[in-house]
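The residues making up each chain are set out below.
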Amino acid sequence: MMGKAVLSDINAAGEQKLQQTVYTDALTGLGNRNRFHDKVCQLAAERASDPAPFTIGITNLDGFKPINDLFGAAAGDEILCQVAHRLKACAPDGATVTRYEGDSFAFILPLVFEQSGAQKVGRMIRDVLSAPYDLGGRNVRLSASFGFSVHPFAGEGYAELVKNAETALYRSKRRGRGQVTVYSEEIAEEMRRATQLEQALRNAIIADSVDTYFQPIVDLASETVVGFEALARWNDPELGFVSPAVFIPLAEERGFIDALSESLLRKAAEAALGWPRDLFLSFNLSSAQLTDTSTTRTILSILGRIGFDPHRLELEITETAMMTSAETAHKIITSLRAAGVGISLDDFGAGQSSLGRLREFSFDKVKIDRAFVSCIATDKASEHIVRAIVAMCAGLELNVVAEGIENATEAEILKSLGCGMGQGYFYGRPMTAADTLRYLQDAGISQSVYPTLRIRT
Ligand code: C2E
Ligand code: CA
Ligand code: CA
């Protein structure tokens, strides 16, 4: 018969095992998210009566998924174990390192009291993690992004501290790879402003007061208008003019870009009904819309309701937007093209351009980024790049539009390089729907008189 003492020993052993599975990450042997949670709560409680701050941080590996996909899950696991090992080895005194989730790790730094200290530790760990990883003879390089928050400034409790560290991490990711961000008063202020902006934008969408302006796109050789690009404009009674470069990403981030974009497309297509029928409407599609397969149906049904011919619509998309979920983007683009909608690759040459993408995806048009056009008259390299893009597009039978033409010199150079179309302040600024009609009239173009559409220069 078992003695009482033995039984309690067994219970204790079982309890310990249970504790271990609840608090330990099976793959890396590090503490897991439960451990992180409990430790942060414990430290926050201790420090409540002690004014000394402490810091928490979250790191996420950059580009881990492609490596996992390329080399297999076992290789991915191996890297995570090596990362865990390095983190444990380099963590400062008294620190706790845990596996947060997937390829994210979280740490508690009880002896880091302020932002610059957190920055320093972040950079040190980043350097340690950026050394090559050995995968059975093959070396793999990875970087990691970091977000930190300092207690009690960035929050007194677990939830707030973690949320703010995640916000900081998100900002690091947005700035590229291997960045370190510590949640600061400026970030807090920006977050407050963004929330205020979000509220105002939601109201503007409900009130249907976000407008579309139109900027002419011209055939460079004949200097005739061939279409217009719709550009969103929002003038808030309290906040004043807010740039689409600010509110479009905000609407994407906060998840209401669909509602906004639908209302913009409706307004743009309604306005375009008043133009000569051979003018196209170019409309910007946001990255979030390329991750949602219902986009095709939504767009076509808006056009159907208004009675706008899909063959007159072109959608501008960027390469970054397509990369978020390439497969879905591919489906959307294919189905839209099948319905007659044209697809333009926007901002070509800016950011992460890949020539391969021009072959993988089917486009109708490429828009050369303003960055090349704006220095084409002064910088030979830009001129060579534009020349190469134009030649390549000719070979691929793609139309080319140069963006941001501001003067006659730029227009002449682009023409001489064989660039087909252009857009920019030189030919016309974005204008209201009513001004667009006047512009067409002034250029001697009206609904009944086409197709020769000469514009004033
Ligand atoms: P984008 O698609 O590259 O649009 C061209 C931007 O360049 C516009 O800025 C336009 O006003 C500006 N621009 C045109 N010609 C010139 C020029 O000669 N010189 C200079 N300096 N600038 C010129 P805008 O209207 O501020 O729009 C900024 C960005 O916001 C757009 O860049 C686009 O990415 C986004 N956006 C605007 N409207 C919409 C929309 O309805 N939906 C979506 N998803 N994005 C939009
Ligand atoms: Ca555009
Ligand atoms: Ca552009």
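Everything below is about the structure shown above.
First, a word on what this report is: a plain description of the structure on this page. (Residues numbered from 1 in each chain as written. Chains lettered and ligands numbered in written order. Predicted model: local features only at pLDDT ≥ 70, side-chain atom pairs only at ≥ 80, totals over all residues. Heavy atoms only, no water.)

## Considering the coordination of the calcium ion (ligand 2)
Those donors, Glu229 (OE), Asn284 (OD1), Glu316 (OE) and Asp346 (OD), are the protein atoms that reach the calcium ion (ligand 2), and they lie 2.1 to 2.4 Å from it. Mapping the donors of the calcium ion (ligand 2) onto the primary sequence yields the spacing E-x54-N-x31-E-x29-D. Taken as an interatomic distance, the gap from the calcium ion (ligand 2) to the calcium ion (ligand 3) is 3.8 Å; Asp346 donates to each of them. Of this pair, Glu316 sits in strand β12 (residues 313-317) while Asp346 sits in strand β13 (residues 342-348), and the two are 30 residues apart along the sequence. Residue classification places Glu316 among the buried residues on the basis of a relative accessible area of 2%. (Donors = N, O, S within 2.8 Å, 3.2 Å for Na, K, Ca; no water. Helix = DSSP H or I, 4+ residues; strand = E, 2+ residues; numbered from the N terminus. Buried < 20%, exposed > 50% of the residue type's maximum accessible area, 1.4 Å probe, protein only.)

## Quick look at the pattern of salt bridges
The tally for this structure, following the rule as stated, stands at 24 salt bridges. For Asp62, the salt bridge goes to Lys173, with nearest N and O atoms at 2.7 Å. One end of the pair, Asp62, is in strand β1 (residues 54-62); the other, Lys173, is in helix α6 (residues 158-174), with 111 residues separating them in the sequence. When its relative accessible area of 4% is taken as the criterion, Asp62 is described as buried. (Salt bridge = Lys/Arg side-chain N within 4 Å of Asp/Glu carboxyl O.)

## A word on the packing of aromatic side chains
A full pass over the atoms with the stated rule returns twelve aromatic pairs. When the ring of Phe146 is compared with that of Phe148, the centres are 6.2 Å apart and the planes differ by 5°; the resulting orientation is stacked. Owing to a relative accessible area of 0%, Phe148 belongs among the buried residues under this scheme. A centroid spacing of 4.8 Å and a plane angle of 50° characterise the contact between Phe228 and Trp275, whose relative ring orientation is tilted. With Phe228 in strand β9 (residues 224-236) and Trp275 in the loop between α9 (257-272) and β11 (280-284), this residue pair connects regions lying 47 residues apart in the sequence. By relative accessible area, Phe228 is classed as buried at 0%. An aromatic cluster of three or more residues is present, and its members are Phe214, Phe228, Trp275 and Tyr439. When the ring centre of Tyr100 is taken as origin, the NZ or CZ atom of Arg33, which lies over that ring, is 4.0 Å away. (Phe/Tyr/Trp six-rings, centres within 6.5 Å; stacked < 30°, edge-to-face > 60°. Lys NZ or Arg CZ within 6 Å of the ring centre and 35° of its normal.)

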